[in-house]
Amino acid sequence: MKNVLLTGSTKGIGLAIKKELELSKYRVFGSGRTNLNNINYLSVDLSNTDNAKLLYKMAKEALGNIDILINNAGCFFYDSIDDMDFNKAKELINLNFITPCLLCSLVAKDMKKNNYGRIINIGSISGAVGEAYASIYSATKAGLSGLTKSLALELAQYNITVNQINPGWVETELSDSVLAKEEKEQIVSVIPQKRFIEPIEIAKLCKYLISDDAKGLSGQSINLCAGLSCGS
Ligand SMILES: NC(=O)c1ccc[n+]([C@@H]2O[C@H](COP(=O)([O-])OP(=O)(O)OC[C@H]3O[C@@H](n4cnc5c(N)ncnc54)[C@H](OP(=O)(O)O)[C@@H]3O)[C@@H](O)[C@H]2O)c1
């Protein structure tokens, strides 16, 4: 049985990934800020980068070994660049980029020793094509793409693959929290498939990327976005 460390497992995309992988007999150690009573879970704020080490330690103690890391926890806000709250921006950079880097660093040591590993970073279409008023968010996700490609090269010889999924708009609390109903309708009208992605679609792609069938796929950023990255 393979062991997974998954950040942001309490809702949305992360919860769908957790359920899908558990159905396929993966053992998942999750995290979020919600208080849950579960031995395979840690409530921890990952915008405090010191907590990456704590999460790694607790997951390793619970699982014994971490075969797969999925960096999913993330946050989003809209702000114009000339009116940016940089304290808020730093928290976003820590959560969306620095903590994933730290977790990659921590698990890579073990994965190299085991000559096996799978890492998935959850990016965003905003990091692939840009999004007005989401400059810092987009930059964190574009940063993850650079990390993904570089680590894929660095770790290839150790049978470790590193990939990224860039979702377009997904039906979750995160998208609900930043969009009014009329804005959502307007967005749907320009998405080529005229729909938001469902969290389960991301979960199924994760399952494929960590499977043996995908062992030759590394360093890739896959836009799972109902066609949005191609234009509208
Ligand atoms: N939804 C979209 O349209 C969309 C599009 C593109 C990319 N994405 C990316 O997909 C990922 C998941 O998004 P989602 O839509 O599933 O979001 P969500 O429904 O808001 O869930 C976010 C998850 O991350 C955790 N989290 C948030 N802030 C945290 C913090 N400071 N410390 C620790 N954990 C934290 C949350 O845990 P608690 O609530 O328990 O704190 C929750 O489990 C993110 O990286 C996001 O950028 C989403």
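Whatever comes next refers back to the structure up there.
Residues numbered from 1 in each chain as written. Predicted model: local features only at pLDDT ≥ 70, side-chain atom pairs only at ≥ 80, totals over all residues. Heavy atoms only, no water.

## Details of the pairing of strand β5 (residues 117–122)
Burial runs high along β5: 6 of the 6 residues are buried. Across the two faces of β5 the burial is the same, with G117, I119 and N121 and R118, I120 and I122 all buried. With 4 bridges joining them, strand β4 (residues 68–71) and β5 adopt parallel strand pairing. Opposite N71, over in β5, you have N121 as the bridge partner. Pairing analysis gives 6 bridges linking β5 to strand β6 (residues 160–167), with the strands arranged parallel. By the bridge assignment, I119 is partnered in β6 with V162. (Buried < 20%, exposed > 50% of the residue type's maximum accessible area, 1.4 Å probe, protein only. Helix = DSSP H or I, 4+ residues; strand = E, 2+ residues; numbered from the N terminus. Pairing = 2+ DSSP bridges.)

## Let's talk about the site of the ligand
Of all residues adjacent to the ligand, which total 30 residues, the nearest are T10, R33, T34, Y137 and T172. In the model, an oxygen atom of the ligand is placed 3.1 Å from a nitrogen or oxygen of the K11 side chain. Surface burial for the ligand is 95%, taken as the share of its 890 Å² of free accessible area covered by protein chains. Contributions of two or more residues to the shell around the ligand are made by α1 (12–23), α5 (135–155) and α6 (173–178). Of the residues forming the shell around the ligand, the biggest block, 3 residues, is contributed by α6. (Near = heavy atom within 4 Å. Polar contact = N/O pair within 3.5 Å; in protein donor to acceptor, adjacent residues only side chain to side chain. Areas by Shrake-Rupley, 256 points an atom, 1.4 Å probe, with all protein chains shown as cover.)

## Details of helix α2 (residues 51–63)
With 13 residues, α2 extends 18 Å from end C-alpha to end C-alpha; this agrees with the ideal 18 Å at 1.5 Å per step. Residues N51, A52, L55, Y56, A59 and L63 constitute the buried set of α2. Taken down its axis, α2 places every buried residue within 140° of arc, on the same side. The outward face of α2, more than 90 degrees from its buried face, is lined by the exposed residues K53 and E61. Positive backbone phi, approximately 90°, marks G64, located one or two places after α2. (Expected span 1.5 Å × (residues − 1). Arc of directions from axis to C-beta.)

## Considering helix α8 (residues 199–209)
Along α8, the residues that are buried comprise P199, I202, A203, L205, C206 and L209. For α8, the buried positions fall inside an angular range of 165° around the axis, keeping them on one side. Against α1, β4, β5, β6 and β7 (221–224) lie the buried residues of α8. (Contact = heavy atoms within 4.5 Å.)

## A look at the environment of K184
Turning to its location among the elements, K184 is positioned in helix α7 (residues 181–190). It is 28 Å that separates the C-alpha atoms of K184 and S47, two residues lying 137 residues apart in sequence. Residue contacts for K184: discarding those within four places in its chain leaves E171, D176, L179 and F196.

## Some details on the pattern of salt bridges
A side chain with one charge can pair with a side chain of the opposite charge if their charged atoms come near. All told, the structure shown has 10 salt bridges when counted by the stated rule. For K181, the salt bridge goes to E185, with nearest N and O atoms at 3.1 Å. Here K181 pairs with E185, and both are found in helix α7, just 4 residues apart, close to one helical turn. Through salt bridges with shared partners, one network takes in E20, K204 and K207. (Salt bridge = Lys/Arg side-chain N within 4 Å of Asp/Glu carboxyl O.)

## Considerations on the packing of α2 against helix α3 (residues 86–114)
Interhelical geometry of α2 versus α3 gives an angle of 40° and a closest axis separation of 9 Å. Relative to α3, the element α2 is oriented oblique. As for how α2 packs across α3, the hand of that crossing is right-handed. Contacts from A52, K53, L55, Y56 and K60 in α2 reach T99, L102, L103, L106, V107 and D110 in α3. Each residue belonging to the contact of α2 with α3 can be placed in one class, and the counts come to 7 nonpolar, 1 polar and 3 charged. (Axes fitted to C-alpha atoms, helices over the stretch in contact; angles between N-to-C directions. Parallel < 35°, antiparallel > 145°, perpendicular 65-115°, else oblique. Left-handed = near helix turned anticlockwise from the far one by under 90°. Nonpolar A, V, L, I, M, F, W, Y, C, P; charged D, E, K, R; others polar.)

## Concerning the state of the cysteines
On inspection of all chains with the given rule, the structure shows 0 disulfides. The thiol of C75 is not disulfide-bonded; the next cysteine sulfur, from C101, is found 17 Å away. Cysteine C104 is unpaired, with the sulfur of C101 as its nearest cysteine sulfur at 6.7 Å. Looking at C104, the relative accessible area reads 2%, which means it is buried. (Disulfide = S-S within 2.5 Å.)

Honestly, that's just the spatial picture; any functional story needs more than this.
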